[in-house]
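As a plain string of letters, each chain reads:
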Amino acid sequence: MNWTQFFDQAKAGHIARVYLFTGPENYVKQSALALLREKLLPAGLEALNESPLEGAPAQAIIEACETLPVMGERRLVVARDFAPLMPGKAKDEEEESRRLCQWLPQAPDTCCLVFYLRDAFDARKKLSAFLVRQGAQVNFDSLTDAQLDKWLSEQARLRGGGIRPDAARQLVFLAGRDLSRLGGELDKLCAYAGSAPVTRAMVDKLAVPSLEANVFRMVDSLMEGRAAQAFSLLKSMKQNGETPLGILYMLTRQVRMLTHFSLLRAQGQPLPAIQSALALSPYLLQRLETQAARFSPDRLQALYQACAQAEYRVKSGQARDQAALDQLLLTLAQPPVAH
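Note that the structure is a prediction, hence the values are computed from the model and not measured.

Caption draft 1: View of the overall build of the protein. If you tally the helices and strands in the protein, you get 17 helices and 7 strands. Scored against the burial criterion, the 339 residues of the protein give a buried share of 47%. Look at the contacts in the protein between residues 6 or more apart in sequence, and 75% of them connect residues 24 or more apart. Each charge class in the protein was averaged separately, 40 positive and 36 negative side chains, and the resulting centres sit 4 Å apart.

Caption draft 2: Representation of the nonpolar core. Residues F21, L36, L171 and M218 are the most contacted members of the largest nonpolar core, which totals 86 residues. The greatest single-element share of this core, amounting to 9 residues, is contributed by helix 13 (residues 244-266). Not counting chain neighbours up to four residues away, the residues in contact with M218 comprise A230, L233, L234, M237, I247, L251 and L329. V18, A56, I61 and A64 belong to the second-largest nonpolar core, a separate cluster that totals 27 residues.

Caption draft 3: Representation of the sheet that holds strand 5 (residues 137-139). Spatially, 5 strands are ordered 2-3-4-1-5 in an open sheet, and the strand pairing comes out parallel. The open sheet has two free edges, formed respectively by strand 2 (50-54) and strand 5, since each of these has just one partner strand. Across the sheet, the mean angle from the axis of one strand to that of its neighbour is 20°, orientation sign disregarded. Both strand 2 and strand 3 (residues 75-80) contribute to a ladder of 5 bridges, which runs parallel. Residue pairing in the sheet places L53 in a bridge with A79 of strand 3.

Caption draft 4: Quick look at the environment of A79. Residue placement: A79 occurs in strand 3. Not counting residues within four places of it along the chain, the set of residues in contact with A79 comprises L53, I61, L113, V114, F115 and Y116.

Caption draft 5: Spatial organisation of the pattern of salt bridges. All chains considered together, the criterion is met by 15 salt bridges. The salt bridge involving E93 is made with K125; its shortest N-O contact spans 2.9 Å. Taken together, the positions of E93 in helix 5 (residues 93-103) and K125 in the loop between strand 4 (111-116) and helix 6 (126-133) put the pair 32 residues apart, joining distant regions of the chain. Across the pair D145 and R177 runs a salt bridge, and its minimum N-O distance is 3.0 Å. With D145 in helix 7 (residues 145-158) and R177 in the loop between helix 8 (165-175) and helix 9 (179-193), the pair connects residues that are 32 residues apart, well separated along the chain. Given a relative accessible area of 27%, D145 falls into the partly exposed group. The exposure class of R177 is partly exposed, given its relative accessible area of 36%. Here the salt bridges share partners, and the residues they tie into one network are E54, D81 and R118.

Caption draft 6: Spatial organisation of the environment of A323. Relative to the helices and strands, A323 resides in helix 17 (residues 321-332). Overall, the relative accessible area of 46% leaves A323 in the partly exposed class.

Caption draft 7: Seen up close, unusual backbone geometry. In the Ramachandran plot, M71 falls in the positive-phi region, its phi being about 50° despite a non-glycine side chain. Following the sequence through the fold, M71 ends up in the loop between helix 4 (58-66) and strand 3. Judged by its relative accessible area of 71%, M71 falls in the exposed class. Positive phi, close to 55°, is recorded for D92, a residue that is not glycine.

Caption draft 8: Molecular detail of the state of the cysteines. The tally for this structure, following the rule as stated, stands at 0 disulfides. Free of any disulfide, C111 has its nearest neighbouring cysteine sulfur in C65, separated by 4.0 Å. Counting only cysteine sulfurs, C111 is the nearest neighbor of C112, a cysteine outside any disulfide, at a range of 7.1 Å.

What counts, and where the lines are drawn
- Residues numbered from 1 in each chain as written.
- Predicted model: local features only at pLDDT ≥ 70, side-chain atom pairs only at ≥ 80, totals over all residues.
- Heavy atoms only, no water.
- Helix = DSSP H or I, 4+ residues; strand = E, 2+ residues; numbered from the N terminus.
- Buried < 20%, exposed > 50% of the residue type's maximum accessible area, 1.4 Å probe, protein only.
- Contact = heavy atoms within 4.5 Å.
- Lys, Arg positive; Asp, Glu negative; His and termini not counted.
- Charge placed at Lys NZ, Arg CZ, Asp CG, Glu CD.
- Core = buried A, V, L, I, M, F, W, Y, C linked by side-chain atoms within 4.5 Å.
- Pairing = 2+ DSSP bridges.
- Axes fitted to C-alpha atoms, helices over the stretch in contact; angles between N-to-C directions.
- Salt bridge = Lys/Arg side-chain N within 4 Å of Asp/Glu carboxyl O.
- Disulfide = S-S within 2.5 Å.

Honestly, it's all geometry; don't read function into it.
This is the structure in structure tokens:
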């Protein structure tokens with residue numbers, strides 16, 4: 001099931017004995033655990049009825065699940081990053097998986113066991129396949145654009161204010177899609193706005209841009225011939241702890257995305273098809289369209305080759321990362337060839 005189905009069922013009181021929490025959206029995953037605690041654990045006795053386990057063997061998980069709850073109906077057992085579910089070979093994996101596969105159908109009704117994975121799980125493994133067949137998997141995929149808009153609106157309302165749609169889109173563009181970071185930025189914006197809705201101007205003034213957003217702005221500056229502003233952004237990113245190699249990687253990624261967009265557009269592909277092919281949000285699609293319009297596909301391909309060459313020179317030891325990055329920025333700042 002997906003996480004929205006999980007929340008609907010759990011809020012209605014339908015809580016299974018075993019779950020496998022997977023997927024990249026850890027903020028929502030934590031919210032799901034909080035809901036289970038709220039529904040299952042008696043107030044004041046939470047610590048006595050929850051068993052958080054990390055690196056524990058199968059036997060320890062089984063024993064925790066079979067321990068009776070204290071003055072309550074169910075115990076919550078959270079096994080984080082259980083190795084036999086994750087990529088790579090775990091110690092005693094075959095025996096650990098066999099033991100759990102045999103025991104899980106007999107798991108007592110007095111427990112709720114959550115296998116909580118912060119990252120990906122290996123669906124090919126024996127225990128993974130067993131849990132999937134049992135319907136235990138809950139996918140915590142990243143929020144769609146519509147879900148993000150709704151989430152930001154609800155969170156702003158809970159903070160006593162609101163947020164305008166264009167401000168929400170700008171905030172996602174600047175801060176990224178991580179809900180923990182978005183929540184922190186929204187705290188600051190709502191405190192500044194008070195009971196008034198957060199505006200795009202407030203977001204531009206107060207939100208701290210992510211590396212991806214800063215690189216996007218840097219490309220904007222370069223393609224508009226504003227090299228001084230691009231180097232100012234570069235200096236700011238380095239002061240914030242970003243490395244030249246990391247910036248170079250993100251710059252190459254951005255130019256590659258622009259090149260793909262331009263080539264698909266030149267082939268006559270409609271914007272919805274390009275959006276799907278490149279997995280872009282509507283807002284990012286619009287920004288890419290504006291950037292790509294300044295260059296021919298041939299020019300963008302040449303710029304992408306310059307990025308790839310800069311990365312190669314650094315990784316092969318032919319140039320220092322900072323020198324290669326400075327030279328690349330000067331190359332990208334050259335006036336575009338007219339269409």
